[in-house]
Every structure is written in structure tokens, then in C-alpha cells.
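A structural walkthrough
Residue-level listing of the chains:
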Amino acid sequence: MHRLILVRHAKSSWDSPHDHDHERPLNKRGRRSAKAIGDWLRSRNHVPDMAYVSSSVRTRETFERLEFKCDVAHSIDLYHAGGNEMMHILKNATGGTVLMIGHNPGIGWFAEKLLDKPPRHARFYDYPTCATLIAEFEIDCWRNVEIGSGGVIDFIVPRELTD
């Protein structure tokens, strides 16, 4: 059994019009949301062995605010990656529980396609900032992961934790 934690980056700031998209940091709400998601994941014992994180500032900050102590690979390949790129990275993953942090629309599409059936959650299909899916796969290694093979363990958005 392998488990995937799929997180869209937390809410980012648009305060500096001169920042390139890749360089945008989290805003105050994003920092608070990422911390809340990390606390929630730990409270349910969803702790990654390995993390794959887009190289953007907002995804790296999201990972830092989740406060996990695991090996992490920052990848430009995850920056605005589509589902095919995300699948390629996942198939090469190590560890029983993998965390992946990326961007929409790719991460939402990837979450939808990985599952055998979607969670019953009103926000799943728009996959808002810091939305988090935990999915489980009956595989012995990530090379064997396939589209439509994941079962939902949980799905949450930060507003359920911070409001």
C-alpha cells in the first residue's frame, strides 16, 4: 500500500507587480493555511517519507509551513506541470507516503484522474489554494501507479480548519 498527499500551494501574494510569477511568496492567509494543513495532516498521521515540490517560491514556502521533516526534491518540472509531468515524477518517487506540491490547473486535473471515484466535497473540482487530497494505492512501488487506481482517504480545504 502506498499513499499520496497532493497539495496545491497556499494562497500567494500579488503585492509586488514586479515579481515574476515564479517568485511570488505566500500572503498572510497562505502562511496560516499551510500551517493548519500541516497540523491537520500530522493529527491524522499522514506524514510523508518524501516530498516533491515545485521550485516556485510559493510552493517552497507552503512546504516549509507544513513543517515536515523528510527528504524533499524541488523541481522546475512541477512548476505549472500538467498531469502527465506529475505522473512521470510520481512513478519515479520513493517512499511509502509521498507529498507532492504543485499548481492548478495541473494538480486538480491530476487529483481527479488518479482516483477511482472523487470525494464528495463541493470544492474538489476547483481544487482551491492549499486543498489537500490523501489517496491510497494498492501497489508495491510507485512505478505501478495508474490513472484511476487511487482510493480517497480524505480531502480538505484550509477554510474548514481556519474559519
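Here the structure is shown first, and the text comes after it.
Right, let's talk about the pattern of salt bridges for a bit. One pass over the structure, following the stated rule, counts 7 salt bridges. Residues Arg3 and Glu136 are paired through a salt bridge, measuring 2.6 Å at the closest nitrogen-oxygen approach. Taken together, the residues span a long stretch of sequence, with Arg3 in strand β1 (residues 2-8) and Glu136 in strand β5 (residues 132-137) at a distance of 133 residues. Take Glu136: its relative accessible area is 22%, and that puts it in the partly exposed class. Each of Lys35, Asp39, Arg42 and Glu67 takes part in one network of salt bridges that share partners.

In this section: helix α2 (residues 57-66). Summarising burial for α2: 7 of the 10 residues are buried, a large majority. When we look at burial in α2, the residues that qualify are Val57, Arg58, Thr59, Glu61, Thr62, Phe63 and Leu66. Residues of α2 that are buried in the fold lie against β1, α1 (28-43), β2 (50-54), β3 (71-75) and β4 (97-102).

In this structure, the largest pocket encloses a volume near 200 Å³. Arg29, Ser33, Thr129, Pro158 and Arg159 are, among the 12 residues lining the largest pocket, the residues nearest its centre. Secondary-structure elements contributing two or more residues to the lining of the largest pocket are α1 and α5 (159-162). Among the elements that line the lining of the largest pocket, the one with the most residues is α1, at 3 residues. Looking at the lining of the largest pocket, its residues break down into 3 nonpolar, 3 polar and 6 charged.

Calculation criteria
Residues numbered from 1 in each chain as written. Predicted model: local features only at pLDDT ≥ 70, side-chain atom pairs only at ≥ 80, totals over all residues. Heavy atoms only, no water. Salt bridge = Lys/Arg side-chain N within 4 Å of Asp/Glu carboxyl O. Helix = DSSP H or I, 4+ residues; strand = E, 2+ residues; numbered from the N terminus. Buried < 20%, exposed > 50% of the residue type's maximum accessible area, 1.4 Å probe, protein only. Contact = heavy atoms within 4.5 Å. 1 Å grid on protein atoms, 1.4 Å probe; cavity = no way out; pocket = protein on both sides within 12 Å on 5 of 7 lines; lining within 4 Å. Points joined across faces, edges and corners; volume = space filled by probe spheres on them. Nonpolar A, V, L, I, M, F, W, Y, C, P; charged D, E, K, R; others polar.

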